[in-house]
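Descriptive analysis of the structure
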Amino acid sequence: MRAITALFFLFCFVAPSALAQLRQGFYGRSCPNAERIVANVVANRFRRDRSITAAFLRMQFHDCFVRGCDASLLIDPRPGRPSEKSTGPNASVRGYEVIDEAKRQLEAACPRTVSCADIVTLATRDSVALAGGPRYSVPTGRRDGLRSNPGDVNLPGPTIPVSASIQLFAAQGMNTNDMVTLIGGGHSVGVAHCSLFQDRLADPAMDRSLNARLRNTCRAPNDPTVFLDQRTPFTVDNAIYGEIRSQRGILRIDQNLGLSGSTRGIVSSFASSNTLFRQRFAQAMVKMGTIRVLTGRSGEIRRNCRVFNNGR
């Protein structure tokens, strides 16, 4: 299935013992400039390409959903040894070169100290703030995983029913509010290919002017893309919830959040208050970033984010 830049995501449960080992300022002594280095690299990229926020949101979500937030998504496939990158849902994940640059600078400043998993988390946090989203602190201390298997990748598509999505989030320790926050927040930036929302174009309830505009765009060859948020496509804000409330959601899952009795009220509250959305989005992002993390002596600190230290 064609992937979208800001696809919605499901998450895995975090063990309390692992959470206890993450902390604010983890690199305060071992690499005091770690967060500043990552922030500078991200800011340099953002000045040239504001779409990098959507890329990082998607990268972190896709990584955390598979075996937790352990940077397993970053491993390059090799002949006879495919990785998570090899799968269809991850084929268009991008931004790896920005993580590489941050890692290069961190290795020069503090060799074998800052994990790739933490770099992804920090880069996403910084890009959200640059895109007008909330500024929030994240605990660090994650370590990098030792496995990247395409068979572990099981990412849902954009037409999953709300009830099924609620059940999946609940099974992973995430509540309905988290789900609505992360799906909508993830879709406040980024694009979707026309092939992913043909079902919406056939929906007579969809806003007529938007439907006509999308149909015209999608007549072009090579499966064009459209912004998921038609009003503020490069800003992490609550605008997409207002669009959903007005039958202007692009993806089926987005629009269904505004129709389902279990989520309609949350959508309405976010549409009415960007302050509330920002608060809840920051909380949900921090929560997502602690999914099944490796800490202490588990995993490793990769020297190169694309390769396990033992080279396998």
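It should be emphasised that the depicted structure is a prediction, and the values quoted were computed from it without experimental measurement. (Residues numbered from 1 in each chain as written. Predicted model: local features only at pLDDT ≥ 70, side-chain atom pairs only at ≥ 80, totals over all residues. Heavy atoms only, no water.)

Thoughts on the overall build of the chain
A count of helices and strands for the chain gives 13 helices and two strands. A globule of 312 residues ought to have a C-alpha radius of gyration of about 20 Å, and the chain, at 19 Å, matches this closely. Each of the three principal axes of the chain carries a C-alpha extent, and together these read 55 × 40 × 40 Å. For the chain, the exposed surface amounts to about 12700 Å²; the carbon and sulfur share of it is 49%. Between the centroid of the 41 positive side chains of the chain and the centroid of its 24 negative side chains there is a distance of 2 Å. (Helix = DSSP H or I, 4+ residues; strand = E, 2+ residues; numbered from the N terminus. Rg over C-alpha atoms; globule rule 2.2 N^0.38 Å. Areas by Shrake-Rupley, 256 points an atom, 1.4 Å probe, with all protein chains shown as cover. Lys, Arg positive; Asp, Glu negative; His and termini not counted. Charge placed at Lys NZ, Arg CZ, Asp CG, Glu CD.)

Thoughts on the pattern of salt bridges
Applying the stated criterion across every chain, the model contains 19 salt bridges. Arg94 is the partner of Asp49 in a salt bridge, and the nearest nitrogen-oxygen pair spans 3.4 Å. You can see Asp49 sitting in the loop between helix 2 (34-48) and helix 3 (52-65) and its partner Arg94 sitting in the loop between helix 3 and helix 4 (96-109), a full 45 residues away along the chain. The class for Asp49 is buried, based on a relative accessible area of 18%. One connected set of salt bridges, linked through shared partners, spans Arg45, Asp49, Arg94 and Glu97. (Salt bridge = Lys/Arg side-chain N within 4 Å of Asp/Glu carboxyl O. Buried < 20%, exposed > 50% of the residue type's maximum accessible area, 1.4 Å probe, protein only.)

Considering helix 11 (residues 252-259)
Of all eight residues making up helix 11, seven are buried, and the element is well covered by its neighbours. Taken residue by residue, helix 11 has Arg252, Ile253, Asp254, Gln255, Asn256, Leu257 and Gly258 as its buried positions. Those residues of helix 11 that are buried are in contact with helix 6 (162-171), helix 7 (176-186), helix 8 (198-201), helix 10 (239-245) and helix 12 (264-272). (Contact = heavy atoms within 4.5 Å.)

A closer look at the UniProt feature "active site" (unreviewed entry) in the chain
Here the UniProt feature "active site" (unreviewed entry) sits at His62. Examined against the element boundaries, His62 turns out to sit in helix 3. (UniProt positions renumbered as here; feature names shortened; annotations may be inferred.)

Comments concerning the confidence of the model for the chain
Do not read the fine detail of predicted coordinates wherever pLDDT is low. In this model, the chain carries an average pLDDT of 91, and 93% of its residues clear a pLDDT of 70 or more. Predicted confidence is poor over residues 1-18, with pLDDT under 50, and the contacts of this stretch with residues over four places away or in other chains come to 82 contacts. (pLDDT = per-residue confidence, 0-100.)

What about the UniProt feature "binding site: substrate" (unreviewed entry) in the chain?
UniProt's feature table lists "binding site: substrate" (unreviewed entry) at Pro156, given in the numbering used throughout. Counting through the fold element by element, Pro156 comes out in the loop between helix 5 (116-130) and helix 6. Residue Pro156 is classed as buried on the basis of its relative accessible area of 11%.

Focus: unusual backbone geometry
Among all residues save glycine, negative phi is the norm, and among peptide bonds the norm is trans. Located in the positive-phi region is Ala71, a residue other than glycine, with phi close to 60°. Mapped onto the elements, Ala71 comes out in the loop between helix 3 and helix 4. Phi angles above zero are rare outside glycine, and Asn222 is one such case at about 70°. Within the secondary structure, Asn222 sits in the loop between helix 9 (208-218) and strand 2 (225-227).

Comments concerning the packing of aromatic side chains
The final tally for this structure, using the stated rule, is six aromatic pairs. Considering the side-chain rings of Phe26 and Tyr27, the 5.0 Å spacing of their centres and the 85° angle between planes classify their relative orientation as edge-to-face. Within the aromatic cluster, the residues linked to one another by ring pairs are Tyr241, Phe270, Phe277 and Phe281. Seen from the ring of Tyr96, Lys85 lies directly overhead, with NZ or CZ sitting 4.0 Å from the centre. (Phe/Tyr/Trp six-rings, centres within 6.5 Å; stacked < 30°, edge-to-face > 60°. Lys NZ or Arg CZ within 6 Å of the ring centre and 35° of its normal.)

As for the nonpolar core
In terms of nonpolar packing, the biggest core is built from 80 residues, with Met59, Leu74, Ile99 and Phe197 touching the most fellow members. A total of eight residues in this core trace back to one element, the largest contributor, which is helix 3. (Core = buried A, V, L, I, M, F, W, Y, C linked by side-chain atoms within 4.5 Å.)

A short note on the state of the cysteines
According to the stated counting rule, one finds four disulfides in the structure shown. Two residues share a disulfide in this structure: Cys31 and Cys110, whose sulfurs sit 2.1 Å from each other. Judged by the sign of its S-S torsion, about 75°, the cystine formed by Cys31 and Cys110 is right-handed. Highlighted residues: Cys31 in the loop between helix 1 (16-21) and helix 2 and Cys110 in the loop between helix 4 and helix 5, separated in sequence by 79 residues. Comparing Cys31 with Cys110 shows no difference in burial state: the two are buried. What pairs with Cys64 in a disulfide is Cys69, and their sulfur atoms sit 2.0 Å apart. Disulfide Cys64-Cys69: torsion about the S-S bond near 115°, hence right-handed. Here Cys64 and Cys69 have matching classes, each one buried. Taken in sequence order, the bonded cysteines of the chain link in the pattern 1-4, 2-3, 5-8, 6-7. (Disulfide = S-S within 2.5 Å.)

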